[in-house]
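# Residue-level structure breakdown
For reference, the chains in residue letters:
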Amino acid sequence: MQSSFPLFPEAASSIASDVDLLYFFILAVSSFFAILVSAAVVYFAIKYRRRHPDEVGHDIHGSIVLELVWTVIPFVLAMVMFFWGADLYFRLARPPADSMEVFVVGKQWMWKVQHPEGVREINELHVPINRNVRITLGSEDVLHDYYIPAFRVKMDAVPGKLTTMWFKATKAGTYHIFCAEYCGTQHSGMIGQVIAMEEHDYEAWLAGGRTTGTAVENGERLFTQLACITCHKTDTSGRGPLLAGVFGSTVQLMDGRKVVADENYLRESIMNPQAKIVLGYQPIMPTFQGTVSEENLLQLIAYIKTLKAPAAAPAAGAPAAAGQPGRQ
Amino acid sequence: MTHAGNNSGSYLDAPHGIASWLLTKDHKRIAILYLISITVFFMIGGLFAAGIRAELLTPAGDLFTADLYNKVFTLHGVVMIFFFLIPSIPATLGNFLVPIMCGAKDLAFPRINLLSWYLYLIGAMLTLGAVFMGGVDTGWTFYTPYSSMASNTNVTLAALGVFIAGFSSILTGFNFIVTVHRMRAPGLTWFRMPLFLWAMYATSLVMILGTPVVAITILLVGAERALGFAIFDPRVGGDPVLFQHLFWFYSHPAVYIMILPGMGVISELVAAVSRKQIFGYSVVAYSSLAIAIIGFLVWGHHMFVSSQSIYAGLVFSIITMIVAVPSAVKTFNWAATMYKGSITWESPTYWVIGFIGLFLVGGLTGLFLGAMGLDVHLHDTYFVVAHFHYIMVGGGVMGFLGGIHFWWPKMTGRTYPETAGKIAAILVFVGFNLTFFPQFVVGYLGMPRRYHAYPEEFQILNVMSTGGATVLGIGYLLIVTYLVASLFKPRNASANPWGATGLEWDIPSPPITLNFETEPIVTEDAYNYIGRAQKAREN
């Protein structure tokens, strides 16, 4: 890991050195202005020190030219920082399509991780290096925040919705995970480690882990256990909408709105089914709030995402299932 | 100009007795009441700060339990922000100076002014009550759903205190706005007003427009806790992120409530210590308004990783970058004011230079946080803690102390020992930097804020912080000591010890109850040092 007195964090992800570059740019600009103005103030205070008790300053009231100069230059520099920062942010906010997916759930005061292959861990996260990893983040109770300083990534875990973040580790090693959003008594104990491994080490670790079925298998089992299947049938004869192909498609709601069925839509439809009613269906689904944990929810979503639209989409009743699962 | 050594008709001498103070309608006495109360709360907040720094001396959470530590940092924030910083300059220097600088006998609504102090006191007592009943642990930000559903501490009581104190802030702002509009002396046009008045005016706008929103927000949290309202509770369709929008809609502008008055003070001091017209007067005046208005549109920069829409984030980021510009312009104008000035090396100058230095660092580090991609890494780390302390303490408190040192002779009729004043300014400046500069470094390393225990590699930087905080504490205690000691000496301040311009320097120190013997008539711009020198030569 790190020396005992580091002054700068390790850069262990594909984005880290880009974030650092922006940091150094703003640092250089800031230092220039801080030193310029401080030096001017101290210099003036010495050079123009009062020499007689009755002395007054020169008759200078201002200068439009100077005001313009020191309005425009900071403005331009600030805009450079804005665009640079925004570009980085959009890269951080949009996981590449080829990312492998890991589910992370924060709860007071631990991080529970599920790999798609079924391996679970607590407060640790094993990832392969040089692969894009997308984390789908949920919270069981209050706000938390999954923060990996060495990767320069951070995202709030918000109860009631799913958030995402992604990174590509570039250096094998062990790095801190911190909870960065205050969450109560053991907030500073809600920490862990990312273990970034070479691909073959990762595969070996994955194979050695005990599993209780993959996320999709667990989701399928829950789908039956919770009796979802009685209404959401594999054809359009059910009392609930057909779920095959729903993920990523555009859904027509009863109130006239159209929404894209992303993870948050699926989550909301399970936890708070009355919020968005699909056109042509009755609002009869009960809430699964309290019945389904955040982890189970992620498994259900993983399963629903695998349900592919039948070859010929039925025309009546079912939501438009034409779209292929998209990036959303 | 009246010269007064020991005028006996001053506002301090008028009627005596406790009741004459507690029922006073004199804006100057109310300013003193506020000064005493906020000093007490500054010390309470400082004690909590000392607790934080003592705990963080070692990586292990060994001094306090985790729960106690969480209460200590929460109360540090709540007390310092709501009961010290927000009222600090407006309620003390503002109360004292706004009517005098306007050439008026008092504020527009003297009784409402007294009411605002009582509301402040009631709010403060309720929050203190929450402390004695076991404290509160939500952080000063009261984020939901932790505050509304999870915390089992005295959230409701503490929040009620903040709610009530908010009305005191609204009433003060309302009073200042009416006074500035309606009670300026003949000849005192808007663009002859001292810049402190402009700053107070801009601050008052923020107070009356922003404070009601936080009051409503706090009420909703209380309703959710007590009555099970589901505004923020996600289990029944509420949205915890909504709270952050409502909270920061006030609490970001609140930062300008804390810093604009400091900027106003520094504008006065820079002109006075340089004996020179302020450089770019109207630009400095307008920039206060620009900051107050644009400052209302940047709240979402606290929420770049909150799951707020990335497009909303884009808008907040660009406006954040824009609001940095008027602050930069002010700083350049202060520096330019000193160019070819006649600069004294008395104690106020030390505060001016200290303020500019610290405010520069505070303002510039805001750029790091406004740049979205970088904020993802820095958000909720010690970098943010360092940044806002540079603004609120480096800017707000340095401005407050600079103003107190500058106007102390006017307010009390006494002078303080100059050497002690200079030493204190240096101690505060050095101690402050030693406390908070290492926090930028430890923040970029990734140390999250509000951590009771932390990894060992962060220890050396934390030890530096704690050492600096000790120096800072000694500086503050020194100030309290010599200022209080000066009160036990005879009045020795002349009417205008700094040779400054401004209506307040044309009346005795301390002023009479009605401020002016006859209504003043203003015939010149503010900071007309040249004109005054010419007049002196002609005489």
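See the structure shown above.
To keep things clear, this report deals only with the structure shown in the data block. What you see is a predicted model; the values in this text were computed from it and never measured.

## Thoughts on the overall build of chain B
A tally of regular secondary structure across chain B gives 16 helices and zero strands. Its C-alpha atoms give chain B a radius of gyration of 23 Å, near enough to 24 Å, the size a compact globule of 539 residues would have. In terms of overall dimensions, chain B has C-alpha extents of about 75 × 45 × 45 Å along its principal axes. Taking all 539 residues of chain B together, the buried fraction comes to 66%. Taking the intrachain contacts of chain B between residues at least 6 apart in sequence as the baseline, contacts between residues at least 24 apart amount to 83%. Here chain B has roughly 17000 Å² of accessible surface; of this, 71% comes from carbon and sulfur atoms. In chain B, 26 side chains carry a positive charge and 24 a negative one; their mean positions are 10 Å apart.

## Considering the packing of helix α3 (residues 66-102) of chain B against helix α7 (residues 195-227) of chain B
Residues and elements named next belong to chain B. Two elements in contact, α3 and α7, have axes whose closest approach is 10 Å; the angle formed by their N-to-C orientations is 130°. Between α3 and α7, the crossing angle belongs to the class labelled oblique. As α3 packs across α7, the resulting crossing turns out to be left-handed. Where α3 abuts α7, its residues Ile86, Ile89, Pro90, Leu93, Gly94, Leu97, Val98, Met101 and Cys102 lie against Phe196, Leu197, Met200, Thr203 and Met207. Split by residue class, the contact of α3 with α7 holds 12 nonpolar, two polar and no charged.

## A few points about the environment of Pro253 of chain B
All names here are of chain B. Along the chain, Pro253 turns up in helix α8 (residues 240-274). For the pair formed by Pro253 and Gly210, sequence separation is 43 residues and the distance between their alpha carbons is 7.0 Å. Leaving out residues up to four positions away in the same chain, Pro253 has contacts with Val206, Trp248, Gly295 and Phe296.

## Digging into the interface of chain B and chain A
In this complex, chain B contributes 95 residues to the contact, which on the side of chain A involves 89 residues. Taking both sides of the interface into account, the surface hidden between chain B and chain A amounts to around 7800 Å²; carbon and sulfur atoms contribute 69%. The three residues of chain B that bury the most area against chain A are Phe332, Tyr444 and Glu457 of chain B, which together make up 9% of that side's buried surface. Put simply, chain B and chain A have zero salt bridges between them. Our count for the contact surface shared by chain B and chain A stands at 31 residue pairs in polar contact (both at pLDDT 80 or more). Examining the composition of the side of chain B that touches chain A, we find that 16 residues originate from one element, helix α10 (residues 310-338) of chain B, more than from any other. Residues that form the side of chain B that touches chain A fall into these classes: 59 nonpolar, 24 polar and 12 charged.

## With respect to the sheet that holds strand β6 (residues 144-148) of chain A
Residue and element names in this part refer to chain A. A sheet is described by the order of its strands in space; here five strands give the open sequence β4-β10-β9-β6-β7, paired in mixed fashion. Edge positions in the sheet fall to β4 (124-128) and β7 (153-157), since each of these pairs with one other strand and no more. Here the strands of the sheet are splayed against their neighbours by 20° on average, with no regard to which way each runs. Relative to β7, β6 runs antiparallel, the two sharing five bridges. From the neighbouring strand, Asp145 faces β7, where its bridge partner is Asp156.

## Quick look at the packing of aromatic side chains
Each aromatic ring pair is specified by the distance between its two centres and by the angle formed by the two planes. According to the stated counting rule, one finds 72 aromatic pairs over all chains in the structure shown. Taking the centre distance of 5.7 Å and the plane angle of 55° together, the rings of Trp70 of chain A and Phe279 of chain B count as tilted. Of this pair, Trp70 of chain A sits in helix α2 (residues 64-93) while Phe279 of chain B sits in the loop between α8 and α9 (281-294), placing the two residues on different chains. Note on accessibility: Trp70 of chain A and Phe279 of chain B belong to one class, buried. Aromatic side chains Phe42 of chain B and Tyr476 of chain B sit 5.0 Å apart centroid to centroid with 85° between the ring planes, which places their arrangement in the edge-to-face category.

## Quick notes on the side chain of Ser465 of chain B
Mapped onto the fold, Ser465 of chain B is located in helix α15 (residues 459-486). Filtering out sequence-adjacent residues up to four positions away, Ser465 of chain B remains in contact with Arg53, Leu434, Thr435, Pro438 and Gln439 of chain B.

## So, empty space enclosed by the protein
Empty space among the atoms can be located by rolling a probe the size of a water molecule over them. All names here are of chain B. In total, this model carries seven cavities of 30 Å³ or more according to the counting rule given. The space that makes up the second largest cavity amounts to roughly 170 Å³. Considering the residues around the second largest cavity, the lining is formed by 20 residues, among which Phe82, Ile86, Ala165, Gly166 and Ser169 are closest to the centre. Elements supplying a minimum of two residues to the lining of the second largest cavity: α3, α6 (155-182) and α7.

## Overview of a nonpolar patch on the surface
Residues Phe5, Leu7, Phe8, Phe24 and Leu27 of chain A together with Leu434, Ile460 and Met464 of chain B make up a contiguous nonpolar surface patch of about 640 Å² in total accessible area. Of all elements in the fold, only α1 (16-47) of chain A together with α15 of chain B reach the threshold of two or more residues within the nonpolar patch. Position of Phe24 of chain A among the secondary structure elements: in helix α1. A relative accessible area of 40% places Phe24 of chain A in the partly exposed class.

## A look at the sheet that holds strand β3 (residues 120-122) of chain A
All names here are of chain A. If you walk across this open sheet you meet the five strands as β3-β2-β1-β5-β8, and the pairing is mixed. Strands with a single pairing partner mark the edges of an open sheet, and in this sheet they are β3 and β8 (163-168). Within this sheet the neighbouring strands show an average axis-to-axis angle of 25°, counted without direction. As defined by bridge partners, strand β2 (residues 110-114) adjoins β3 across three bridges and the pair is classed as antiparallel. The residue of β3 that forms the bridge with Gln114 is Arg120.

Cut-off values and rules
Along each chain, numbering runs from 1 in the same order as the chain's sequence is written. Following the order in which they are written, the chains are lettered starting with A and the ligands numbered starting with 1. Whole-chain, interface and lining totals are the exception, using all residues; otherwise, since this is a predicted model, local features are given only for residues with pLDDT of at least 70 and side-chain atom pairs are given and counted only at 80 or more. As a convention, hydrogens and water are excluded, and side-chain values are obtained from all of the structure's heavy atoms. To qualify as a helix, a DSSP run of H or I must reach at least 4 residues; to qualify as a strand, a run of E must reach at least 2; elements of each kind are numbered from the N terminus. In this description the radius of gyration comes from C-alpha coordinates, and the expected globular size is given by 2.2 Å times residues to the power 0.38. Accessibility here uses a 1.4 Å probe with only protein chains present; expressed as a share of the type maximum, an area under 20% marks a residue as buried, one over 50% as exposed, and anything in between as partly exposed. Residues count as neighbours in contact if any of their non-hydrogen atoms are within 4.5 Å of one another. All accessible areas in this document rest on Shrake-Rupley with a 1.4 Å probe, and a residue is counted as covered only by the protein chains that are shown. Positive charge is attributed to Lys and Arg, negative charge to Asp and Glu, and no charge count is given to His or to the chain ends. By convention, the charge on Lys lies at NZ, on Arg at CZ, on Asp at CG and on Glu at CD. For helices, the fitted line uses only the C-alpha atoms of the stretch in contact; every axis is such a line through C-alpha atoms, and the angle between N-to-C directions lies from 0 to 180 degrees. Orientation is classified from the angle alone, with under 35 degrees giving roughly parallel, over 145 giving roughly antiparallel, 65 to 115 giving roughly perpendicular, and any other angle giving oblique. Handedness of each helix crossing follows the sense of rotation of the near helix against the far helix: counterclockwise by less than a right angle gives left-handed, clockwise gives right-handed. Charged means Asp, Glu, Lys or Arg here, nonpolar means Ala, Val, Leu, Ile, Met, Phe, Trp, Tyr, Cys or Pro, and polar covers whatever is left, Gly included. Buried area adds together the accessible area that both of two parts lose upon being put together, with accessible area traced by a 1.4 Å probe. Salt bridges, as used here, are contacts in which a Lys or Arg side-chain nitrogen is within 4 Å of a carboxyl oxygen on Asp or Glu. We call two N or O atoms a polar contact when they sit within 3.5 Å, provided that within protein one can donate a hydrogen and the other can accept it, with sequence-adjacent residues counted only if both atoms are side-chain atoms. Think of it this way: DSSP has to see at least two bridges between two strands before they count as a pair. Centre distance within 6.5 Å is the pairing criterion for rings of Phe, Tyr and Trp, where only the six-membered ring of Trp is used; planes under 30 degrees apart are then read as stacked, over 60 as edge-to-face, and the remainder as tilted. Cavity and pocket criteria rest on a 1 Å grid covering protein atoms alone: a 1.4 Å probe that fits but cannot get out defines a cavity, protein on both sides within 12 Å along at least 5 of 7 lines defines an open pocket, and an atom within 4 Å of a point defines a lining residue. Grid points are joined across faces, edges and corners, and a volume is the space filled by probe spheres set on the points. What goes into a patch is any residue over 30% in relative accessible area without a salt bridge, connected to like charges within 9 Å or, for nonpolar side chains (Val, Leu, Ile, Met, Phe, Trp, Tyr), within 5 Å.

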